Amino acid sequence: MSTPIGHIRNPSATQGAKAALAPHPRVMTRTPADFEGLDAALAEMRAAGVSTIIIEGGDGTVREVISRAIPLWAGAAPDFAILAAGNTNLVARKAGRIDAEGAARLIAGAATARRRDVALLKLERQSLPTLRGFIMGAGAYAAATRLAQRDIGARHGAQVAQTVLRLLSSSEMRAPSQIGFAAGGGAPAPPPP
């Protein structure tokens, strides 16, 4: 049997039913319920020799999988394919995405898959795990994401519009943020509010 392909599926992905992959003996599909489950699934895939991971979810799912996978594969990171199925899919629009049909071709070993190298952001934080990805939310963006996930029942465009309106009148919008930046070095000390 050829090298297995990993498939991490976010069970909360809002478009998952549209994007779902058919079961395949070459694919190790895991649907972790939390970060501990994600870490275990990625460790299992690494041990099995997976060198390609299909990420089914949105921007947050992509960030978490990439952040956790790169250290596990130490120096030889797997290839990632994004099966955009989240509420926000900005990463997939910029980095490229596959649909269920494209994933099936990738799984079958078709040579039609086009590889694209994309630069990653690396965010080192004091006392917190390093994040890697394409979009790093902070300040109002992070507050809006929390608000949308916690309080807004709508999805997609309606969720974005309701979140923006609610955030403008929210105390979270005016809450001080402690963000510091350092280029090329370690994480800076948090600045005063």
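Residues numbered from 1 in each chain as written. Predicted model: local features only at pLDDT ≥ 70, side-chain atom pairs only at ≥ 80, totals over all residues. Heavy atoms only, no water.

Visitor: Please provide a residue-by-residue account of the overall build of the chain, values included.
Guide: The number of helices and strands found in the chain is 8 helices and 6 strands. Going from the N terminus to the C terminus, the chain shows its helices and strands as β-α-β-α-β-α-β-α-α-β-β-α-α-α. Within the span of the chain, comprising 193 residues, buried residues form 32% of the whole. Contacts spanning at least 24 positions in sequence make up 60% of the contacts within the chain whose residues lie at least 6 apart. For the chain, the accessible area works out to roughly 11,300 Å², and carbon and sulfur atoms hold 56% of it. (Helix = DSSP H or I, 4+ residues; strand = E, 2+ residues; numbered from the N terminus. Buried < 20%, exposed > 50% of the residue type's maximum accessible area, 1.4 Å probe, protein only. Contact = heavy atoms within 4.5 Å. Areas by Shrake-Rupley, 256 points an atom, 1.4 Å probe, with all protein chains shown as cover.)

Visitor: How would you explain the sheet that holds strand 1 (residues 5-9) if you had to name every residue and give the values?
Guide: Judged by pairing direction, the sheet is parallel, and its 4 strands sit side by side in the order 2-1-3-4 without closing on themselves. Each having just a single partner strand, strand 2 (27-30) and strand 4 (79-84) make up the two edges of the open sheet. For this sheet the average axis-to-axis angle between neighbouring strands, irrespective of direction, equals 20°. Pairing analysis gives 4 bridges linking strand 1 to strand 3 (residues 52-57), with the strands arranged parallel. Residue pairing for strand 3: H7 is matched across the bridge by I54. Sheet contacts for helix 2 (residues 35-47): strand 1, strand 2 and strand 3; angle to strand 1, the most-contacted strand, approximately 170°. Of the strands in this sheet, strand 1, strand 2, strand 3 and strand 4 touch helix 5 (residues 100-108), which is tilted by about 165° from strand 3. (Pairing = 2+ DSSP bridges. Axes fitted to C-alpha atoms, helices over the stretch in contact; angles between N-to-C directions.)

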